[in-house]
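Chain residues, written in single-letter form:
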Amino acid sequence: MIAVVDYRAGNVTSVARALRHLNVPCVVTDRAEDLRRAGRIIFPGVGAAGEAMRNLRETGLAGCIGEAFESGKPLLGICLGTQVIFEYSEEDGRTECLGLIPGGVRRFPAGIREGGDPLKIPHMGWNRVSFRGAHPVFAGLPANAEFYFVHSYYPAPSNGADVAAETEYGIRFASAVARGNLVAVQFHPEKSGRFGLRLLENFSRWDGSHAQ
Amino acid sequence: MLSKRIIPCLDVRDGKLTKGVKFKGNVDIGDPVEAARQYYEQGADEIVFYDITASSEGRDIMIDVVKRVAETIFIPFSVGGGIRTLEDMRGVILAGAEKVSVNSGAVENPRIITDGAAAFGSQCVVLGMDVKKVEKSARIPSGYEIVIQGGRKHMGLDALWWAREAENLGAGEICLNSIDADGTLEGYELELTHLIATRVKIPVIASGGAGKKEHLLDVLTKAKADAALIASIVHYGTHTIAELKEFLTGGGVKVRDVW
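Residues numbered from 1 in each chain as written. Chains lettered and ligands numbered in written order. Predicted model: local features only at pLDDT ≥ 70, side-chain atom pairs only at ≥ 80, totals over all residues.

**Comments concerning the overall build of chain A**
Stated formally: A run of DSSP states H or I qualifies as a helix once it reaches four residues; a run of E qualifies as a strand once it reaches two. Both are numbered from the N-terminal end. What the globule rule says is 2.2 Å times the number of residues to the power 0.38, and the radius of gyration is computed from C-alpha atoms. Our exposure labels follow a C-beta count within 10 Å of each residue's own C-beta, placed from the backbone: buried means 20 or more other C-beta atoms, exposed means 12 or fewer, and partly exposed covers the counts in between. In this description, a residue-residue contact is defined by the distance between C-beta atoms placed from the backbone, which must lie within 7 Å.
Assigned secondary structure in chain A consists of six helices and 16 strands. For 212 residues, the compact-globule formula gives about 17 Å, and the C-alpha radius of gyration of chain A, at 16 Å, lands near that figure. The principal-axis extent of the C-alpha atoms belonging to chain A is close to 50 × 40 × 30 Å. In chain A, which comprises 212 residues, the proportion classed as buried is 52%. Contacts in chain A between residues far apart in sequence, at least 24 positions, make up 68% of those at least 6 positions apart.

Here's what the structure looks like:
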């Protein structure tokens, strides 16, 4: 059973719908005991980091996520869920986050351009994700598969070794990170067609063991 | 590099497509869920549903359509048509739509943009604009005016002013429909699209007029649109989405590969 964490950060039911489509049992939950019982955890979210962290602390879910990470349980972060696993985010002033992965989350700089044209923020739409090396969660995905993004802030891990994939949008940023039993993606696999579904299916079978 | 999006638009009334959608080698499809599934599989980057239902019973049918679409396709889709209140927005978003588009409802009550962005995030709120070319005047300096009711009612609002106002109010995207080009199959309104797309910082979807694949190339390159809305060109089987994307790739436009 996969627990999809509902911490009042946007509509998380689209992740559950994608899992149901794949016949993967899941529960959308905000209860700590469900997270402890679940074999795997998906940590999604859309919205702002400040509010998300407030909710996570108030509900005690912040501790549960950390606990799950320590326990070796497979964990998948999506979008805002990915951003709050870093030490801090530049959003809402400076938001202290869960700190599961060293590094921060930064705003796309103003004035980024591509081919002479100014780029719009948020980064919204389909973009290429270049995976670095093999990982069970990214198995079977073409090297430059495109995924759907919606975000104004991007993950900036301190350790290059945590970067699992990169994407270009005026700058090159880490669109996926991986460390041990944790994989976190900035894009939305639940809205990324076939390849996104493949990623979710891979995660539903992953035992959390190290890549390569 | 971000791909330019190709977005089929499906008009729905009382839960049925208003025009049949014909796929190559297939019979006509009147079911919006099935049409959405086919476009999804063909490589559409997003799908727009426009609900032209008038009655409130029809609205409930549309919510049911949205729920079934959300269980069938796994790309973003938006729903528009008759959205006037925050509750209308909440209904389609909870049913599974990624985005909701407001048009005349926002002209009448611009606060719905702000309220919608605060409740669901800017990325959920699309401003639909129906625009008609008029004489330039002190009131309409861009020479493009906002109209509603299919172009029958002029609102005295300058299109460029309204686009920037909506951006400031919190709209995350603009779907720009030229009433003059709509249905002509003679190409998008390039001048209008360029004017808006280069003056706002949010993405602009060009709508109205696509009849040939060259039209998409023009609007995505010369007119700087971020996405192209298409209807007849795919509904009547003139081209598949794959053919359009192959043509655009050949023209140097980055689009999502169809696998």
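**Some details on unusual backbone geometry**
In this structure, the amide linkage connecting A:Ile121 to the following residue, A:Pro122, adopts the cis form with an omega of 10°. We note that B:Asp14 has phi near 50°; this positive angle belongs to a residue other than glycine. Counting through the fold element by element, B:Asp14 comes out in the loop between β1 (5-13) and β2 (16-17). A count of 16 C-beta atoms within 10 Å places B:Asp14 in the partly exposed class. Despite not being glycine, B:Leu185 has its phi angle at roughly 60°, a positive value.

**Brief notes about the sheet that holds strand β2 (residues 26-29) of chain A**
All names here are of chain A. Selection criterion: We call two strands paired when DSSP finds no fewer than two bridges between them. Lines are fitted to the C-alpha atoms to define the axes, a helix being fitted only along its stretch in contact, and any angle between axes, read from their N-to-C directions, falls within 0 to 180 degrees.
What the eight strands build is an open sheet, ordered β2-β1-β3-β4-β16-β15-β14-β11; its pairing is mixed. The outermost strands of the open sheet, each flanked by one partner alone, are β2 and β11 (130-131). Along the sheet, helix α1 (residues 13-21) makes contact with β1 (2-5), β2, β3 (40-43) and β4 (75-78), crossing β2 at roughly 170°.

**Details of the sheet that holds strand β6 (residues 95-96) of chain A**
Two strands in a sheet stick together by hydrogen bonds in their backbones, pointing the same way (parallel) or opposite ways (antiparallel). Residue and element names in this part refer to chain A. The four strands are arranged β6-β5-β7-β13 in an open sheet whose pairing can be described as mixed. Two strands in the sheet have a free side with no partner beyond their single neighbour: β6 and β13 (153-157). In terms of strand pairing, strand β7 (residues 101-107) meets β13 through five bridges, oriented antiparallel. The residue bridging Gly 104 from the neighbouring strand is Ala 156, located in β13.

**Here we look at the pairing of β1(A)**
Residues and elements named next belong to chain A. Side chains Ile 2 and Val 4 project from β1 onto one buried face, and the interleaved Ala 3 and Val 5 project onto a second face that is buried too. Here β1 pairs with β2 via four bridges, running parallel. Bridging across to β2, Val 5 finds its partner in Thr 29. Taken together, the three bridges between β1 and β3 define a ladder with parallel strand orientation. What sits directly across from Ile 2, in β3, is Arg 40.

**Things to note about helix α7 (residues 190-197) of chain B**
Because each turn of an α-helix spans 3.6 residues, side chains separated by three or four positions end up pointing in the same direction. Across the eight residues of α7(B), six count as buried, placing the element largely inside the fold. The secondary structure elements touched by the buried residues of α7(B) are β8 (125-133), β9 (144-148), α6 (159-169), β11 (173-178), β12 (204-207) and α8 (213-221) of chain B.

**Section: helix α3 (residues 86-94) of chain B**
All names here are of chain B. Rules: Here the arc refers to the set of directions running from the helix axis out to each C-beta atom.
Taken as a whole, α3 has its buried residues at Met 89, Val 92 and Ile 93. Across the axial projection of α3, the buried residues extend over an arc of 100°, all falling on one side. Of the surrounding secondary structure, the elements contacted by the buried residues of α3 are α2 (56-70), β6 (77-80), β7 (99-102) and α5 (111-120).

**So, the packing of helix α1 (residues 32-42) of chain B against α2(B)**
For any two helices packed against each other, the geometry is given by the interaxial angle and the distance between the axes. Residue and element names in this part refer to chain B. Worth spelling out the cut-off: Oblique is the label for any angle not covered by the other classes, which are roughly parallel (under 35 degrees), roughly antiparallel (over 145) and roughly perpendicular (65 to 115). Less than a right angle of anticlockwise turn of the near helix away from the far helix marks a crossing as left-handed, whereas a clockwise turn marks it as right-handed. Residues are grouped as follows: nonpolar covers Ala, Val, Leu, Ile, Met, Phe, Trp, Tyr, Cys and Pro; charged covers Asp, Glu, Lys and Arg; every other residue, Gly included, is treated as polar.
Orientation of α1 relative to α2, taken along the N-to-C sense of each, is 30°, at an axis distance of 9 Å. Between α1 and α2, the angle falls in the class roughly parallel. Crossing of α1 over α2 shows right-handed handedness. Packed against α1, whose contacting residues are Pro 32, Val 33 and Ala 36, the element α2 presents Val 65, Arg 68 and Val 69 at the interface. In terms of residue class, the contact of α1 with α2 is built from five nonpolar, no polar and one charged.

The quantities given are spatial measurements derived from coordinates; they are silent on function.
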